[in-house]
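Geometric and topological summary
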Amino acid sequence: MASSEAGFAIASQQRDALIEFVKMMLAPAFALEVLDERAAILFERLEAIIEEYRLGQNTKLKKLVPTIGTFYTPLQLVHAWKDYDAYVRISKRGLVAPSFSEIRHILNLAQIYASTEDPNNLRLVTFDGDKTLYEDGGNFLPDSKLVDRLIILMRKKLYVAVVTAAGYKGNPTRYEERLGGLLRGMRKRELTEEECNRLLVLGGESNFLFQCNGDFTFEEVAPERWLTPAQTWCETGATPVLDVAEETLLKLKEELNIPARVIRKELAVGLVKRPDAKRLEREQLDEVVLTVQNTLNDVMAAPNSDVPMVPFCAFNGGQDAWVDVGNKYIGLRTLQDFLGIEPKQCIHVGDQFTAVGNDISTRDACPTLWISGPEETGRVVKMISRAVRDMPTL
Ligand code: IMP
Ligand code: MG
């Protein structure tokens, strides 16, 4: 487990119900030292229950894991377990049970196998930005192994999109800076204009869309070409939502003694570290995010409320907390519609799938991969690019 993940399983807002369920499912076999013979059978049964649930034939899974989301493809859990165990030999261990991260890896593998079984299935791979494509607050580095792997996807007619909270309205240059290493790699490898057009950025969760052109820069896609009525509604209802969010952030900053300041943008409000502060504590940011989520939900649900039911995303960004109007679920759905792609033809890769994260909403929009940082993104993209590399270009 990477050190940044060490606290994952501790607090309830950091837990994942399906992963906890799989850990619980494997625990007795591990304790009785029969994981070697039982794990594949257990995963086979889970695979079947998920498939029955996916096809609407059985609601058992919903009863076992009430917060379970949508499955857009079957999961190849047995295949994933066998490959992962052959490599890491969990079943040969006697003292350390399968961990949260190991189950997360197995679920990722099961999804990659399912999504690439027919390599022509996959048409769009979306990525979160911070802590997924690059380090938190960093930029895409030119020597990143991801450059060549993402280029393979674009050359094989897949769309690649960055779906990020980072909102720089009307400012493509800011995204060009952050994705500079990738754009430079694309120029160096002389991608055609058509290939460049397959790289998009959706910023502010779901609010601003940019497309790469043949000059290796980003151009804003005119709102009327892609914005849906739900997003226009987000914009018009933004002010009262952000007023409540801002007031709550200011109050919590004082109450919890957080060395931060509050920033207001057109479609977002954030709590960010003061320049003189060393760091912000995860627990404090989690408290802020959960409180803002509850406050906004309560205010919106109140009878005769002045605050409209506008989709929003309040999340802990690691060293800041933000409330954005819109969310990545809407972002992914809109992008799929714009490109004419079905949810099962898409995968979203991100690092924030807990209740205080901003990738969690994508689980209802398409299959997802939960990674812990850019290095792991490199590994999953390597697998995906290998699967699509040898397919004949349509
Ligand atoms: P993501 O991980 O790519 O979704 O980016 C999240 C990070 O983007 C946050 O933690 C912030 O540091 C940064 N950010 C910059 N502008 C905004 C904004 O308007 N809303 C939310 N996050 C923002
Ligand atoms: Mg992130």
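Just so we're clear, the structure is a prediction, and the values are computed from it rather than from any experiment.

Description of the coordination of the magnesium ion (ligand 2)
The magnesium ion (ligand 2) binds to the protein through Asp128 (OD), Asp130 (O) and Asp351 (OD); the donor distances cover 2.2 to 2.3 Å. Here the donor residues of the magnesium ion (ligand 2) are spaced in sequence according to D-x1-D-x220-D. With Asp130 in the loop between β1 (124-127) and α6 (146-155) and Asp351 in the loop between β10 (346-350) and β11 (368-370), this pair connects stretches of sequence that are 221 residues apart.

A short note on unusual backbone geometry
A negative phi holds for most residues other than glycine; trans holds for most peptide bonds. A positive phi angle is found at Lys131, which is not glycine, with a value near 70 degrees. Along the chain, Lys131 falls in the loop between β1 and α6. Owing to a relative accessible area of 26%, Lys131 belongs among the partly exposed residues under this scheme. In this structure, Lys157 takes a positive phi of about 70 degrees despite not being glycine. Checked against the element boundaries, Lys157 lands in the loop between α6 and β2 (159-163).

Topic: the confidence of the model for the protein
Of all residues in the protein, 96% have pLDDT values of 70 or greater, and the mean over the chain is 94. Per-residue pLDDT stays below 50 along residues 1-10; that stretch engages in 16 contacts with residues further than four places along the chain or on separate chains.

Thoughts on the environment of Arg379
Note on placement: Arg379 falls in helix α15 (residues 374-389). Spatially, the C-alpha atoms of Arg379 and Leu146 are 8.9 Å apart, while their sequence positions differ by 233 residues.

Some thoughts on the sheet that holds strand β7 (residues 268-273)
Two strands in a sheet stick together by hydrogen bonds in their backbones, pointing the same way (parallel) or opposite ways (antiparallel). Strand order across the open sheet formed by four strands is β6-β7-β9-β8, with antiparallel pairing between neighbours. The outermost strands of the open sheet, each flanked by one partner alone, are β6 (260-264) and β8 (312-316). Neighbour-to-neighbour, the strand axes of the sheet open up by a mean angle of 10 degrees, direction not taken into account. Contacts from helix α13 (residues 282-301) reach β7, β8 and β9 (320-325), with the element oriented near 165 degrees to β8.

With respect to empty space enclosed by the protein
Empty space among the atoms becomes visible once a probe the size of a water molecule is rolled across them. For the structure shown, the criterion picks out one cavity of 30 Å³ or more. For the largest cavity, the calculated volume is near 40 Å³. Lining the largest cavity, in full, are Tyr134, Val162, Thr164, Ala166, Tyr168, Tyr175, Arg178, Leu179 and Val201. Looking at side-chain class alone, the lining of the largest cavity contains seven nonpolar, one polar and one charged residues.

A few points about the nonpolar core
If you look at the biggest cluster of nonpolar residues, it comprises 70 residues, and the most contacted ones within it are Phe140, Leu150, Met186, Leu199, Phe218 and Val292. In terms of residue count, helix α12 (residues 238-255) provides more of this core than any other element does, seven residues in total. Sequence-distant contacts of Leu199, defined by excluding residues within four places in its chain, comprise Met154, Val160, Leu182, Leu183, Met186, Phe210, Gln211, Cys212 and Phe218. The next biggest cluster of nonpolar side chains, apart from the first, holds 37 residues, and it includes Phe30, Leu61, Leu107 and Phe353.

A few points about the packing of aromatic side chains
Under the defined criterion, the tally for this structure stands at six aromatic pairs. An angle of 85 degrees between the planes, with centres 6.3 Å apart, marks the rings of Tyr53 and Phe71 as edge-to-face. Taken together, the positions of Tyr53 in helix α2 (residues 35-54) and Phe71 in the loop between α3 (60-64) and α4 (77-88) put the pair 18 residues apart, joining distant regions of the chain. Taking 5.1 Å as the distance between ring centres and 45 degrees as the angle between the ring planes, the aromatic pair formed by Tyr175 and Phe210 counts as tilted. Of this pair, Tyr175 sits in helix α7 (residues 172-178) while Phe210 is found in strand β4 (residues 208-212), placing the two residues 35 residues apart along the sequence. The two residues Tyr175 and Phe210 agree in class, both being buried.

Some points on the packing of α6 against α15
Between α6 and α15, the least distance of the axes is 9 Å, while the angle of their chain directions is 35 degrees. Like other packed secondary-structure pairs, α6 and α15 cross with a definite hand, here left-handed. Listed contacts from α15 to Leu146, Arg149, Leu150, Ile152 and Leu153 of α6 are Thr377, Gly378, Arg379, Val381, Lys382, Ile384, Ser385, Val388 and Arg389.

Brief notes about the site of ligand 1
Close to ligand 1 lie 16 residues; Asp128, Thr164, Lys265, Asp320 and Asp324 are nearest. Contacts to ligand 1 include Thr164, whose side-chain N or O atom sits 2.6 Å from an oxygen atom. Considered on its own, ligand 1 offers 500 Å² of accessible surface; in the complex 91% of this is hidden by protein. Most atoms of ligand 1, that is more than half of them, are within 2 Å of grid points of the largest pocket. Here the shell around ligand 1 takes three residues from β9, the largest share from any one element. A class-by-class count of the residues in the shell around ligand 1 yields five nonpolar, five polar and six charged.

Comments concerning the layout of surface pockets
Approximately 800 Å³ is the volume found for the largest pocket. Looking at the largest pocket, it is lined by 36 residues, and the ones nearest its centre are Asp130, Ala166, Arg178, Asp320 and Trp322. For the lining of the largest pocket, the elements supplying multiple residues, two or more each, are α7, β6, β7 and β9. In the lining of the largest pocket, the residues fall into 11 nonpolar, nine polar and 16 charged.

Concerning the environment of Trp370
Along the chain, Trp370 turns up in strand β11. Trp370 gets classed as buried once you look at its relative accessible area, which sits at 3%. Looking at Trp370, its side chain comes within polar contact range of the main-chain oxygen of Asp351, at 3.4 Å.

Here's the deal with the packing of helix α1 (residues 17-31) against helix α5 (residues 100-116)
Contact geometry for α1 and α5: axes closest at 10 Å, N-to-C directions at 105 degrees. The orientation of α1 with respect to α5, classified from their angle, is roughly perpendicular. On the side of α1, the interface is formed by Leu18, Ile19, Glu20, Val22, Lys23 and Leu26, while α5 contributes Phe100, Ile103, Arg104 and Leu107. Its residues placed into classes, the contact of α1 with α5 shows seven nonpolar, no polar and three charged.

What counts and what doesn't
- Residues numbered from 1 in each chain as written.
- Chains lettered and ligands numbered in written order.
- Predicted model: local features only at pLDDT ≥ 70, side-chain atom pairs only at ≥ 80, totals over all residues.
- Heavy atoms only, no water.
- Donors = N, O, S within 2.8 Å, 3.2 Å for Na, K, Ca; no water.
- Helix = DSSP H or I, 4+ residues; strand = E, 2+ residues; numbered from the N terminus.
- Buried < 20%, exposed > 50% of the residue type's maximum accessible area, 1.4 Å probe, protein only.
- pLDDT = per-residue confidence, 0-100.
- Contact = heavy atoms within 4.5 Å.
- Pairing = 2+ DSSP bridges.
- Axes fitted to C-alpha atoms, helices over the stretch in contact; angles between N-to-C directions.
- 1 Å grid on protein atoms, 1.4 Å probe; cavity = no way out; pocket = protein on both sides within 12 Å on 5 of 7 lines; lining within 4 Å.
- Points joined across faces, edges and corners; volume = space filled by probe spheres on them.
- Nonpolar A, V, L, I, M, F, W, Y, C, P; charged D, E, K, R; others polar.
- Core = buried A, V, L, I, M, F, W, Y, C linked by side-chain atoms within 4.5 Å.
- Phe/Tyr/Trp six-rings, centres within 6.5 Å; stacked < 30°, edge-to-face > 60°.
- Left-handed = near helix turned anticlockwise from the far one by under 90°.
- Near = heavy atom within 4 Å.
- Polar contact = N/O pair within 3.5 Å; in protein donor to acceptor, adjacent residues only side chain to side chain.
- Areas by Shrake-Rupley, 256 points an atom, 1.4 Å probe, with all protein chains shown as cover.
- Sits in = over half its atoms within 2 Å of the grid points.
- Parallel < 35°, antiparallel > 145°, perpendicular 65-115°, else oblique.

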